[in-house]
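Residue-level structure breakdown
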Amino acid sequence: MPMSLIVTGASGFVGRGLLPALAAAGHQGIATGRTVSQEAPAGWAWRLRDEILADSHGGMGIDAIVHLEVKQHVPRPTAREIADLERVNVEGTRAWLQWGAGHGISRFVYLSSIKAVGGGPGVHLESDSTLPETPYGRSKAAAEAAVREWSEASHGRVATILRPAPVYGPGNEANLAAFVRQILRGRPCLVGAGASRKSIVARRNLTAAIAFAVNRETPGCEVYNVTDAEIVSVRALATLVAELGGCPAPRAIPSTVASVIAPLGDGLEMLTGREFPLTTSRLRALREETIFPCDKLVAAGFRHPCSLREGLIEMLEWAKAQ
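Residues numbered from 1 in each chain as written. Predicted model: local features only at pLDDT ≥ 70, side-chain atom pairs only at ≥ 80, totals over all residues. Heavy atoms only, no water.

**Regarding the pattern of salt bridges**
Our working rule: Whenever Lys or Arg places a side-chain nitrogen within 4 Å of a carboxyl oxygen from Asp or Glu, that contact is recorded as a salt bridge. In DSSP terms, a helix is any run of H or I states spanning at least four residues, a strand is any run of E spanning at least two, and both are numbered starting from the N terminus. For every residue, the accessible area (1.4 Å probe, protein chains only) is compared with the maximum for its type, and the residue is labelled buried under 20%, exposed over 50%, or partly exposed between those bounds.
Within the structure shown, the criterion is met by 10 salt bridges. Close ionic contact of D50 with R49 constitutes a salt bridge, the shortest N to O distance being 2.9 Å. Note that R163 and E144 form a salt bridge whose closest N and O atoms lie 2.8 Å from each other. Of this pair, R163 sits in strand β7 (residues 158–164) while E144 sits in helix α4 (residues 135–152); the two residues are 19 residues apart in sequence, bridging distant segments of the chain. A residue is classified by how much of its surface remains accessible, and R163, at 1% relative accessible area, is buried.

**Looking at the pairing of strand β2 (residues 28–33)**
Operational definition: DSSP-based pairing: two strands are paired if at least 2 bridges between them are found. If the strands point away from the viewer and the path from the first strand over the helix to the second runs clockwise, then the crossover is right-handed.
The buried fraction of β2 amounts to five of the six residues, a majority that puts the element mostly inside the structure. As paired elements, strand β1 (residues 4–8) and β2 share four bridges and run parallel to each other. Looking at β2, one finds that I6 is bridged to I30. A crossover connection joins β1 to the parallel β2 through helix α1 (residues 13–24); in handedness this β-α-β unit is right-handed. As judged from the five bridges shared by β2 and strand β3 (residues 44–48), these two strands associate in the parallel manner. What sits directly across from G33, in β3, is L48.

**Thoughts on the packing of helix α3 (residues 79–102) against α4**
Filter applied, for reference: Note on definitions: angles span 0 to 180 degrees between N-to-C directions of axes, and those axes are lines fitted to C-alpha atoms, for helices only across the stretch in contact. Just so you know how the angles are binned, under 35 degrees is roughly parallel, over 145 roughly antiparallel, 65 to 115 roughly perpendicular, and the rest oblique. In this scheme the crossing of two helices becomes right-handed for a clockwise turn of the near helix relative to the far one and left-handed for an anticlockwise turn of less than a right angle. Residue contacts are counted whenever heavy atoms from the two residues lie within 4.5 Å of one another. Gly is put with the polar residues, along with every residue not named as nonpolar or charged; the nonpolar set is Ala, Val, Leu, Ile, Met, Phe, Trp, Tyr, Cys and Pro, and the charged set is Asp, Glu, Lys and Arg.
Packing of α3 against α4 leaves a shortest axis separation of 9 Å and a crossing angle of 15 degrees. Classified by the interaxial angle, the pair formed by α3 and α4 is roughly parallel. Crossing hand, α3 versus α4: right-handed. Contact with α3, carried on its side by I82, L85, N89, V90, T93, R94, L97 and A101, involves P135, Y136, S139, K140, A142, A143, A146, V147 and W150 of α4 and no other residues of that element. The residue inventory of the contact of α3 with α4, partitioned by class, reads 12 nonpolar, three polar and two charged.

**Thoughts on α4**
So the rule is basically this: Multiplying 1.5 Å by the helix residue count minus one yields the expected span of that helix.
Over its 18 residues, α4 runs 26 Å from end to end, which matches the ideal 26 Å to within 8%, given 1.5 Å per residue. When α4 is considered as a whole, its buried residues turn out to be Y136, G137, S139, K140, A141, A143, E144, A146, V147, W150 and S151. Here the buried face of α4 lies against α3, β5 (107–111), β7 and β12 (220–226).

**Observations regarding the sheet that holds β7**
Sheet architecture is open: seven strands sit in the order β3-β2-β1-β4-β5-β7-β12, paired in parallel fashion. Taken across any chain shown, the strands that pair with only one partner, and hence form the sheet edges, are β3 and β12. Taking the axes of each pair of neighbouring strands and ignoring which way they run, one obtains an average angle of 15 degrees across the sheet. Lying over the sheet, α3 contacts β1, β2, β4 (64–67) and β5, oriented at roughly 175 degrees with respect to β4.

**Digging into the side chain of H124**
When you line up the elements, H124 lands in the loop between β6 (122–123) and α4. Since its relative accessible area comes to 10%, H124 is described here as buried.

**With respect to the packing of aromatic side chains**
Given two aromatic rings, one states the distance between the centres and the angle between the planes to describe the pair. Note the threshold: Ring geometry is summarised as follows: Phe, Tyr and Trp rings, the Trp one being its six-membered ring, pair when their centres sit within 6.5 Å, and such pairs are stacked at plane angles under 30 degrees, edge-to-face over 60 and tilted between the two. In our convention, an over-ring charge means Lys NZ or Arg CZ found within 6 Å of a ring centre and within 35 degrees of that ring's normal.
Counted under the stated rule, the structure contains three aromatic pairs. The interplanar angle of 75 degrees and the centroid separation of 5.6 Å between the aromatic rings of W96 and W99 together place this pair among those described as edge-to-face. Here W96 pairs with W99, and both are found in helix α3, just three residues apart, close to one helical turn. Assessed through its relative accessible area of 0%, W96 is described here as buried. Geometrically, the ring pair formed by F108 and W150 is tilted, given 5.7 Å between the ring centres and 50 degrees between the ring planes. Of the two residues, F108 is situated in strand β5 and W150 in helix α4; the sequence distance between them amounts to 42 residues. In this structure W150 comes out as buried when scored by relative accessible area, which is 6%. In this structure, K296 packs its charged tip against the face of Y224, placed 5.1 Å from the ring centre.

**Focus on the environment of V167**
With respect to the secondary-structure elements, V167 resides in strand β8 (residues 167–168). On the basis of relative accessibility, which here comes to 15%, the residue V167 falls in the buried class. A C-alpha to C-alpha distance of 24 Å links V167 and A262, two positions 95 residues apart in sequence. Setting aside residues no more than four positions away along its own chain, V167 makes contact with F13, N172, V201, A202, R203 and L206.

**Quick look at the nonpolar core**
Put simply, the test is: Residues belong to one nonpolar core when they are buried, are Ala, Val, Leu, Ile, Met, Phe, Trp, Tyr or Cys, and are joined through side-chain atoms within 4.5 Å.
If you look at the biggest cluster of nonpolar residues, it comprises 30 residues, and the most contacted ones within it are V7, V66, L68, L162, L206 and I210. Listing elements by their share of this core, those giving two or more residues are β1, α1, β3, β4, β5, α6 (203–214) and β12. A per-element tally of this core places α6 first, with six residues. What L206 contacts, discounting residues up to four positions off in sequence, is V14, L111, P164, V167, V201 and V226. With 22 residues, the next largest nonpolar core counts Y168, V241, L308 and L316 among its residues.

In structure tokens form, the structure reads like this:
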């Protein structure tokens, strides 16, 4: 059913892919953020975030809020950056929930993160307790709690919390993009056997999941992991990237050597302020097996529009054009 929506944080990586997907599904509305982009699909208009929140009539005719606005994770946040995580991720979410309540909006879709649960090894279901290990994760968990409180405060409210795995796709500059660049450049990208498995999600699959969540009608709050249908090992992922990119087979560093290099990488990052390919946190991430099944989302009726291979092809085509 076509709806009128507000999408916050619409100029970000996910938002840039989401607006065309929502427009294609027949939705229209307002795209907003701290800055304004000049491009918007037909039926959509850009407005500054603060202008909307201050507008007592800005919610007229709006059916749902899709909240993407986020202060992203940083490896070693300063006190100021931790305060920004609280201000944007927690207080910003509460501001939109309050604004929606004041305008009679009964649907809210919140883009959280698997970091709200924690990065421990193993399989993580939506019902798991949230035990975030980072300031970013704690801010996302606190925002989730605010969304739940909003849904419980009035009968008929529909809240959906989506927890995406690391997102990849055209225009992505996060950790997975760095991993892909290492492979394309023929540099070592694996540690040891690379047998650990990790959940990831193509932006096209994530934007489809958000569009799916917008149509959810059952009152209450539901949480869904959002990942690709396929879960592969780090080595299998690197091998597929190399195959699709026409590169040599991915190279590996012995685990013992990596354990020596990683602390040096920590020191270099602290001294230079620049990212180093291997640090203790990245080494831990490469070794840990973190799986967030999306079975609950699929059982609700969601179907992935693209495979892992198709998602990587889109990303590689963009990366090669840069």
